[in-house]
Amino acid sequence: MERKGLSGSTLKLIAIITMLIDHVAAAVLMRFLKTRGSTVDGSLISGLIESGMLQQIYDTMRGVGRIAFPIFCFLLVEGFEHTGDRKKYALRLGLFALLSEIPFDLAFSGCVLEFHYQNVFFTLFLGLLTMMAYRWTEEQARWDAFPRTLLLMIEVLVGMGAAELLSTDYGGRGVWCIMMLYLFRKKRVWQVVAGCLAFFWWELPAVIAFLPIALYNGKRGWNVKYFFYFFYPVHLLLLYLICWGCGLGHISAI
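Criteria and thresholds
- Residues numbered from 1 in each chain as written.
- Predicted model: local features only at pLDDT ≥ 70, side-chain atom pairs only at ≥ 80, totals over all residues.
- Heavy atoms only, no water.
- Helix = DSSP H or I, 4+ residues; strand = E, 2+ residues; numbered from the N terminus.
- Expected span 1.5 Å × (residues − 1).
- Buried < 20%, exposed > 50% of the residue type's maximum accessible area, 1.4 Å probe, protein only.
- Arc of directions from axis to C-beta.
- Lys, Arg positive; Asp, Glu negative; His and termini not counted.
- Salt bridge = Lys/Arg side-chain N within 4 Å of Asp/Glu carboxyl O.
- Polar contact = N/O pair within 3.5 Å; in protein donor to acceptor, adjacent residues only side chain to side chain.
- Contact = heavy atoms within 4.5 Å.

S.K.: So what exactly am I meant to see when it comes to helix H3 (residues 53-65) here?
M.R.: Residue pairs three or four apart in sequence face the same way in an α-helix, which turns once every 3.6 residues. For H3, built from 13 residues, the straight-helix expectation of 18 Å at 1.5 Å per residue is met to within 8% by its first-to-last C-alpha distance of 18 Å. Listed in full, the buried residues belonging to H3 are Leu54, Tyr58, Met61 and Gly65. Around the axis of H3, the buried residues are gathered within 70° of arc, so they sit on the same side. Exposed and oriented more than 90 degrees from the buried face of H3 are Gln56 and Thr60.

Structural data, given as structure tokens:
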């Protein structure tokens with residue numbers, strides 16, 4: 001009998017849509033807010049800014065966008081557990097992190113390259129490397145408990161530290177949340193609870209993401225393996241072109 005619930009591809013689609021909503025606000029609407037509509041004086045945008053409505057729309061869209069990252073973290077853990085080749089998985093994430101950096105910088109900073117803030121693929125990549133290191137240490141059954149536990153803690157701290165050092169999207173907290181979902185992966189109820197607690201203290205709207213995650217049926221769904229990989233840099237580039245077309249491309253949205 002087919003299991004009811006949401007497939008992995010459905011979760012990915014929810015994450016992609018909420019991410020797009022978030023990025024439209026962060027990359028496009030923020031530029032209008034920062035310029036107070038000066039480039040489109042007298043337009044509908046100007047009226048929305050003056051009334052405060054655009055700020056409310058922006059805040060709502062950013063709140064909706066908080067749903068995306070926890071789902072991507074959850075799917076990363078699922079991918080780690082079920083991929084046939086973790087090294088290739090890591091190589092793919094790392095490659096798209098590099099390919100996405102220029103579109104990311106254009107969309108949010110208005111320049112071809114800047115190194116103060118890196119895209120979310122780097123966070124996912126570091127989270128995956130941390131899980132790989134953690135799993136390797138877990139499998140060293142001949143080691144004494146204390147040195148193994150100590151090394152596990154160091155591996156998590158190194159992963160978080162690397163994300164902070166590189167200033168990746170969500171930073172060290174992102175890697176921490178990935179590891180919480182990994183540590184409680186064997187029991188969905190506890191995984192959802194751990195995820196809610198991990199996000200609750202610093203990004204409350206993200207907790208909503210664990211409603212669809214709780215409904216995950218363990219099925220892959222549609223074969224959209226590479227859709228997100230290509231969607232991420234392409235949609236960022238398109239958002240920048242929209243900003244450029246509005247005369248706002250040179251303005252940083254950060």
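Picking up where we left off.
S.K.: Which parts of the structure should I look at to understand the side chain of Glu114?
M.R.: By the secondary structure assignment, Glu114 is in the loop between helix H5 (86-109) and helix H6 (120-138). No salt bridge is formed by the buried Glu114, whose closest oppositely charged neighbour, Arg31, lies at an N-O distance of 11 Å. A polar contact is formed between the side chain of Glu114 and the backbone nitrogen of Tyr117, at a distance of 3.3 Å. Here Glu114 is in contact with Glu101, Asp105 and Ser109, once residues within four sequence places are set aside.

S.K.: Mind showing me how you'd approach the pattern of salt bridges here?
M.R.: For side chains of opposite charge, pairing can occur when their charged atoms come near one another. For the structure shown, the criterion picks out six salt bridges. With its nearest N and O atoms 2.5 Å apart, the salt bridge here joins Arg62 to Asp22. Here the residue Arg62 occupies a position in helix H3, and Asp22 occupies one in helix H1 (residues 8-35), the gap between them amounting to 40 residues. The exposure class of Asp22 is buried, given its relative accessible area of 6%. Each of the salt bridges in this network shares a partner with another, and the network as a whole consists of Asp22, Arg62, Arg66 and Glu203.

S.K.: I tried to follow helix H11 (residues 227-245) on my own but got confused; where do I start?
M.R.: Taking 1.5 Å of rise per residue, the 19 residues of H11 would be expected to cover 27 Å, and the 26 Å separating its terminal C-alpha atoms lies within 8% of that figure. Taken residue by residue, H11 has Phe228, Tyr229, Phe231, Tyr232, Pro233, His235, Leu236, Leu239, Tyr240 and Cys243 as its buried positions. Buried residues belonging to H11 abut H1, helix H4 (68-82), H5 and H6. Directly after H11, the chain includes Gly247, whose backbone phi takes a positive value near 80°.

Function cannot be inferred from these measures alone, as they are strictly geometric.
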